[in-house]
Amino acid sequence: MKEVTKLLINDFKIKQLNYDFMGYSLQRGDIYTFHHFLIANRENGPYAYWNGVILCGKTSHPYLHLIESKDEERFYDITSEFLDMKNKGYLDIENLRYIDDILISFEKEYCGKRSKKGRILIKEEYTKRVKL
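None of the values given here were measured: they were computed from a predicted structure.

A.B. asks: Tell me about the overall build of the protein chain, residues and numbers included.
C.D. replies: If you tally the helices and strands in the protein chain, you get 5 helices and 2 strands. The N-to-C order of helical and strand elements in the protein chain reads α-α-β-β-α-α-α. Computed over C-alpha atoms, the radius of gyration of the protein chain comes to 14 Å, within 12% of the 14 Å expected from 2.2 N^0.38 for 132 residues, which places it in the range of a compact globule. Along the longest, intermediate and shortest principal axes, the C-alpha atoms of the protein chain span 40 × 35 × 30 Å. Within the protein chain, the proportion of its 132 residues that are buried is 45%. Taking as baseline every contact in the protein chain between residues at least 6 positions apart, the subset at least 24 positions apart corresponds to 62%. Summed over its atoms, the accessible surface of the protein chain is roughly 7700 Å², and 50% of this surface lies on carbon and sulfur atoms. Here the protein chain contributes 22 positive and 20 negative side-chain charges, whose respective centroids are spaced 8 Å apart.

A.B. asks: Outline the packing of helix α3 (residues 60-70) against helix α4 (residues 72-88), listing residues and values.
C.D. replies: Two packed helices can be described by the angle between their axes and the distance between those axes. Between α3 and α4, the least distance of the axes is 6 Å, while the angle of their chain directions is 135°. When the axis of α3 is compared with that of α4, the two are oblique. Between α3, through L64, I67, E68 and K70, and α4, the contact on the second element is made entirely by E72, R74, F75, I78 and F82. Taken together, the residues of the contact of α3 with α4 break down into 5 nonpolar, no polar and 4 charged.

A.B. asks: I'd like a rundown of α3, residues and numbers included.
C.D. replies: Residues of α3 that are buried include every one of S60, H61, Y63, L64, L66, I67 and E68, and no others. Check the buried side of α3 and you find it contacts β1 (32-36), β2 (52-56), α4 and α5 (93-110).

A.B. asks: Can you explain the packing of α3 against α5? Please cite residues and give values.
C.D. replies: Put simply, α3 and α5 touch, their axes get as near as 12 Å, and they point 65° apart. Two packed elements cross with a definite hand, and for α3 against α5 that hand is left-handed. Taken together, the residues of α5 that come into contact with α3 (itself represented by Y63, L66, I67 and K70) are L103, F106, E107 and Y110. When its residues are assigned to classes, the contact of α3 with α5 shows 6 nonpolar, no polar and 2 charged.

A.B. asks: Outline the nonpolar core, supporting the account with residue identities and numerical values.
C.D. replies: Of all hydrophobic cores here, the largest spans 33 residues; its most connected members are F21, M22, Y63, I78 and F82. Those elements giving two or more residues to this core turn out to be α1 (3-11), β1, β2, α3, α4 and α5. The greatest single-element share of this core, amounting to 6 residues, is contributed by α5.

A.B. asks: Residues and numbers for the pairing of β2, please.
C.D. replies: Within β2, 5 of the 5 residues are buried, leaving the element largely enclosed by the surrounding structure. Across the two faces of β2 the burial is the same, with G52, I54 and C56 and V53 and L55 all buried.

A.B. asks: Please provide a residue-by-residue account of the side chain of R129, values included.
C.D. replies: For R129, the location among the structural elements is in the segment after α5. Given the relative accessible area of 11%, R129 is considered buried.

A.B. asks: Please give an account of the layout of surface pockets that cites residues and values.
C.D. replies: Taken as a whole, the largest pocket spans an internal volume of roughly 230 Å³. Taken together, the residues of the lining of the largest pocket sort by class into 6 nonpolar, 6 polar and 3 charged.

Conventions adopted
- Residues numbered from 1 in each chain as written.
- Predicted model: local features only at pLDDT ≥ 70, side-chain atom pairs only at ≥ 80, totals over all residues.
- Heavy atoms only, no water.
- Helix = DSSP H or I, 4+ residues; strand = E, 2+ residues; numbered from the N terminus.
- Rg over C-alpha atoms; globule rule 2.2 N^0.38 Å.
- Buried < 20%, exposed > 50% of the residue type's maximum accessible area, 1.4 Å probe, protein only.
- Contact = heavy atoms within 4.5 Å.
- Areas by Shrake-Rupley, 256 points an atom, 1.4 Å probe, with all protein chains shown as cover.
- Lys, Arg positive; Asp, Glu negative; His and termini not counted.
- Charge placed at Lys NZ, Arg CZ, Asp CG, Glu CD.
- Axes fitted to C-alpha atoms, helices over the stretch in contact; angles between N-to-C directions.
- Parallel < 35°, antiparallel > 145°, perpendicular 65-115°, else oblique.
- Nonpolar A, V, L, I, M, F, W, Y, C, P; charged D, E, K, R; others polar.
- Left-handed = near helix turned anticlockwise from the far one by under 90°.
- Core = buried A, V, L, I, M, F, W, Y, C linked by side-chain atoms within 4.5 Å.
- 1 Å grid on protein atoms, 1.4 Å probe; cavity = no way out; pocket = protein on both sides within 12 Å on 5 of 7 lines; lining within 4 Å.
- Points joined across faces, edges and corners; volume = space filled by probe spheres on them.

See below:
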């Protein structure tokens, strides 16, 4: 794990709280991952403290990228909440509740829909977040 990821995990007390920037807990066999949230990795965004948030590798991280591909407005709303928490220096329950509201509305709209390859878009594990 890169040093920046460790620093974010420590500074935002991710392990102690047992949830990430989207309100997800690690599941068995999962890892915390660095999400480039201001300048995307594909746009050569730096692997830097100011450009990252911590997400769970098997749930919140792929789910956020799914949301990005299907609904840019919701994606940017979630990103805005990340920025607010980064500026505060802690994971704020109000921000996390707002993110949960955004996710619930996305789930209502895309429930039961499938990808072009026939895979269900919203996996069951994507709907399991910490109750705040």
